[in-house]
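Now for the letters of each chain:
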Amino acid sequence: MNKKVERGRATRDRLVEIATGMFAEHGYEGTSIEAVLRTAEVSRGALYHHFDGKDGLFEAVFEAVELDANRRLLAAVVDVEDPVEALRAGCLTWIELAGDDPVVQQVVLIDAPSVLGWQRWREVEERYGLGGTKLMLRRIAAAGRLSERYADPFAHMLLAALNETAILIARSDDAAKALRDGRAAVKELLDRLLPE
């Protein structure tokens with residue numbers, strides 16, 4: 001029985017891994033289930049055993065990409081004691097990650113809101129990027145550096161600004177310059193939002 005569960009998990013993981021690459025390269029609309037099945041060398045039945053179709057597979061990919069990005073963000077802030085500096089480190093890490101990683105760009109920033117719908121996309125974001133940003137701003141408020149009533153609204157505004165900056169970097173003809181400018185702009189925004 002355990003071997004069957006392990007094989008099922010391995011099949012699911014393989015489908016998610018292959019679909020992640022395909023969604024990143026071709027986008028949701030440009031990726032067919034047939035191409036995923038062919039590349040993964042699994043049957044349609046194996047796919048439908050784990051997912052309810054292309055949307056379900058995409059949602060699993062989105063969750064996996066968000067989880068991986070969240071791990072990287074946590075690694076950037078885990079040893080930072082000052083909540084303002086932790087927020088700064090997290091924001092700059094997100095800009096670099098989202099501005100440079102085509103998987104994050106296509107899956108998280110471009111396709112997820114339209115494929116999953118705004119409500120479902122937001123629910124997932126609450127567990128990852130938006131939730132982390134809210135948590136950091138609440139810690140800053142608890143430290144007396146920000147009015148508590150602004151923590152949640154500022155989290156939405158800040159994440160929107162970061163995502164737009166990441167898209168700007170990703171779409172730039174000069175990514176290195178766009179990343180430098182984006183980092184500088186984020187630092188300036190945070191300095192103005194949370195002055196010393």
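Now for a look at the structure at hand. (Residues numbered from 1 in each chain as written. Predicted model: local features only at pLDDT ≥ 70, side-chain atom pairs only at ≥ 80, totals over all residues. Heavy atoms only, no water.)

### Re the packing of aromatic side chains
In plain terms, the rule: Stacked, tilted and edge-to-face are the three classes assigned to paired rings of Phe, Tyr and Trp, where Trp is represented by its six-membered ring and a pair needs centres within 6.5 Å; plane angles under 30 degrees give stacked, over 60 edge-to-face, the rest tilted. Relative accessibility decides the category of a residue: with a 1.4 Å probe and only protein chains considered, values under 20% of the type maximum give buried, values over 50% give exposed, and everything between is partly exposed. Secondary structure follows DSSP: runs of H or I at least 4 residues long count as helices, runs of E at least 2 residues long count as strands, and numbering of each begins at the N terminus. Whether a charge sits over a ring comes down to the Lys NZ or Arg CZ being within 6 Å of the ring centre and within 35 degrees of the ring normal.
Within the structure shown, the criterion is met by four aromatic pairs. Consider the rings of phenylalanine 23 and tyrosine 28, whose centres lie 5.8 Å apart with planes at 20°: the pair is stacked. Across this residue pair, the class does not change: phenylalanine 23 and tyrosine 28 are buried. Where tyrosine 28 meets phenylalanine 58, the ring centres are 5.5 Å apart and the plane angle is 85°; that geometry is what we call edge-to-face. Here tyrosine 28 is found in the loop between helix H1 (2–26) and helix H2 (33–40), whereas its partner phenylalanine 58 is found in helix H4 (residues 54–77), with 30 residues between them in sequence. Cluster of aromatic residues (ring-pair linked, three or more members): Phe23, Tyr28 and Phe58. In this arrangement the basic side chain of lysine 54 is found over the ring face of tyrosine 28, its NZ or CZ atom lying 4.3 Å from the centre.

### Thoughts on the pattern of salt bridges
When their charged atoms lie close together, side chains carrying opposite charge are able to pair. Our working rule: Whenever Lys or Arg places a side-chain nitrogen within 4 Å of a carboxyl oxygen from Asp or Glu, that contact is recorded as a salt bridge.
All chains considered together, the criterion is met by 14 salt bridges. Residue glutamate 63 is joined to arginine 127 by a salt bridge in which the shortest nitrogen-to-oxygen separation is 2.2 Å. With a gap of 64 residues between them, glutamate 63 in helix H4 and arginine 127 in helix H7 (residues 118–127) connect regions that are remote in the sequence. On the basis of relative accessible area, glutamate 63 is assigned to the buried category, the value being 18%. Two residues, aspartate 68 and arginine 72, come together in a salt bridge whose shortest N-O distance is 2.8 Å. Of this pair, aspartate 68 and arginine 72 both sit in helix H4, four residues apart, which is roughly one turn of that helix. Overall, arginine 72 belongs to the partly exposed group, its relative accessible area being 37%.

Don't take any of this as a statement about function, it's just geometry.
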